[in-house]
Amino acid sequence: MALIAMWAHPRAISTAFLRMMIARGDVTVVHEPLVTLVDTGRVELPAADGGTVTATSPAEVTAHLLDLGRDRPVFVKDTLEYRYGHLFEAPERIADVTHTFLVRHPARTISSHHAIKPTVACHEIGYEHQWDLFELVRATAHRPPVVLSAEALLRDPDRVVAAWCAAVDLPYRPEALTWDPGDRAEWARTRIWHLDVERTSGFRPVAKDFTVTVENDATLRAYYDHHLPFYQRLVQHAIPLEEPS
């Protein structure tokens, strides 16, 4: 079986991707264990018997999820407002993970991030952490990393998800591209970040205007200028899609 990780910067529509993985029904889905661990000091993880186990260290999280993936595919989504130094200190622990990355243009994501957290700091935007982790797993993991463009995913979810599934050795299930709107227990702790996906039933752009943007705020513009090069490097590695015949 397998442990598949999706690493995203905040506001990359990664929760919609996780919602699609839940809709599949054939994969154990884990929502942001490392963010939860950093924020609270502990995280509840699914157990093979249907219960849960508590992890209090990054090493416990990784070891448990790898063990869980021996019986059934496990998909774990985390966001990179933190750098997670333990990954860089012991990359051999995640060498057997299939690493995937979801990246979206920073102009909208920075404005969206600020709208929810006006005190957001530059490092929390996440693209630099995302690029550093991409470079790490490209050099040390047993499988090459897989990158998805969020814009391509919103534009053509059928083809993008099919390509992603092929890259990570999962069967493609087109029926999972639609789901029932609503709250989920998986993201109860951080629900304010996931209100958009609660209202959706598939991969669709959400129409929303922001008062403070990278165009009218000097601080957000500085964040944008810092992170744009990391986005540009990452998106160059996005899965290419063949034009439909």
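Before going into details, it helps to say that this report is about the structure given with it. Bear in mind the structure is a predicted one, so any value in this text is a computation, not a measurement.

### Considering the overall build of the protein chain
Then, number 1: For the protein chain, the count of helices and strands is ten helices and seven strands.
Then, number 2: Taken over the C-alpha atoms alone, the protein chain extends approximately 50 × 45 × 35 Å along its principal axes.
Then, number 3: Every one of the 245 residues in the protein chain was classed for burial, and the buried ones make up 52%.
Then, number 4: Nonlocal contacts in the protein chain, meaning residues at least 24 apart in sequence, comprise 75% of its contacts between residues at least 6 apart.
Then, number 5: Charged side chains in the protein chain number 25 positive and 33 negative. The centres of these two groups are separated by 3 Å.

### Re the sheet that holds strand S5 (residues 74-79)
Then, number 1: Reading across the sheet, the five strands line up as S2-S5-S1-S6-S7 and stay open at both edges, with parallel pairing between neighbours. Two strands close off the open sheet at either side, each with one partner strand: strand S2 (28-31) and strand S7 (146-149). Here the average twist between neighbouring strands, direction ignored, is 20 degrees.
Then, number 2: Strand direction decides the pairing type here: S2 and S5, joined by four bridges, are parallel. Each bridged residue has a counterpart across the sheet, and for threonine 28 the counterpart in S5 is valine 74.
Then, number 3: Where helix H3 (residues 58-68) meets the sheet, it contacts strand S1 (3-8), S2 and S5, and its direction lies at approximately 150 degrees from that of S5.

### Quick look at the pairing of S5
Each regular strand displays side chains that alternate between the two surfaces of the sheet.
Then, number 1: With respect to burial, S5 is a largely interior element, six of its six residues being buried.
Then, number 2: Burial of the side chains of S5 extends over both faces: Val74, Val76 and Asp78 are buried on one face and Phe75, Lys77 and Thr79 on the other.
Then, number 3: Where S1 lies against S5, six bridges are found, and the strand directions are parallel. If you follow alanine 5 over to S5, its bridge partner there is valine 76.

### Points about helix H5 (residues 106-116)
Then, number 1: Buried residues of H5: Pro106, Thr109, Ile110, Ser111, Ser112, His113 and His114, and no others.
Then, number 2: The inward-facing, buried residues of H5 abut helix H6 (127-140) and helix H10 (218-235).

### Quick word on the nonpolar core
Then, number 1: Among the nonpolar cores identified, the biggest contains 42 residues, and Trp7, Val61, Leu65 and Leu133 are the most heavily contacted of them.
Then, number 2: Residue assignment for this core shows that the elements contributing at least two residues are S1, helix H2 (33-40), strand S3 (43-46), H3, S5, strand S6 (98-103), H6 and H10.
Then, number 3: Looking at this core, the element that brings in the most residues is H10, giving seven residues.
Then, number 4: Listed in part, the 32 residues of the second largest apolar core include Ile4, Val27, Trp164 and Val168.

### Digging into the packing of aromatic side chains
Then, number 1: Following the criterion strictly, the structure yields nine aromatic pairs and no others.
Then, number 2: Members of the aromatic cluster, joined through ring pairs, are Phe17, Phe75, Trp164, Trp179 and Phe203.
Then, number 3: Over the aromatic face of phenylalanine 88 sits the side chain of arginine 83, whose NZ or CZ is 3.8 Å from the ring centroid.

### Some points on unusual backbone geometry
Then, number 1: The phi angle at glutamate 32 is positive, at roughly 50 degrees, despite the residue not being glycine.
Then, number 2: Relative to the elements of secondary structure, glutamate 32 occurs in the loop between S2 and H2.
Then, number 3: The buried category is assigned to glutamate 32, whose relative accessible area is 6%.
Then, number 4: The phi dihedral of tyrosine 84 falls on the positive side, at around 55 degrees, and the residue is not glycine.
Then, number 5: Tracing the backbone shows tyrosine 84 in the loop between S5 and helix H4 (85-89).

### Topic: the environment of alanine 139
Then, number 1: Mapped onto the elements, alanine 139 comes out in helix H6.
Then, number 2: Among the residues examined, alanine 139 registers a relative accessible area of 65% and is labelled exposed.
Then, number 3: The spacing of alanine 139 and arginine 93 is 46 residues in sequence and 14 Å in space, taken between C-alpha atoms.

The rules behind each value
- Residues numbered from 1 in each chain as written.
- Predicted model: local features only at pLDDT ≥ 70, side-chain atom pairs only at ≥ 80, totals over all residues.
- Heavy atoms only, no water.
- Helix = DSSP H or I, 4+ residues; strand = E, 2+ residues; numbered from the N terminus.
- Buried < 20%, exposed > 50% of the residue type's maximum accessible area, 1.4 Å probe, protein only.
- Contact = heavy atoms within 4.5 Å.
- Lys, Arg positive; Asp, Glu negative; His and termini not counted.
- Charge placed at Lys NZ, Arg CZ, Asp CG, Glu CD.
- Pairing = 2+ DSSP bridges.
- Axes fitted to C-alpha atoms, helices over the stretch in contact; angles between N-to-C directions.
- Core = buried A, V, L, I, M, F, W, Y, C linked by side-chain atoms within 4.5 Å.
- Phe/Tyr/Trp six-rings, centres within 6.5 Å; stacked < 30°, edge-to-face > 60°.
- Lys NZ or Arg CZ within 6 Å of the ring centre and 35° of its normal.

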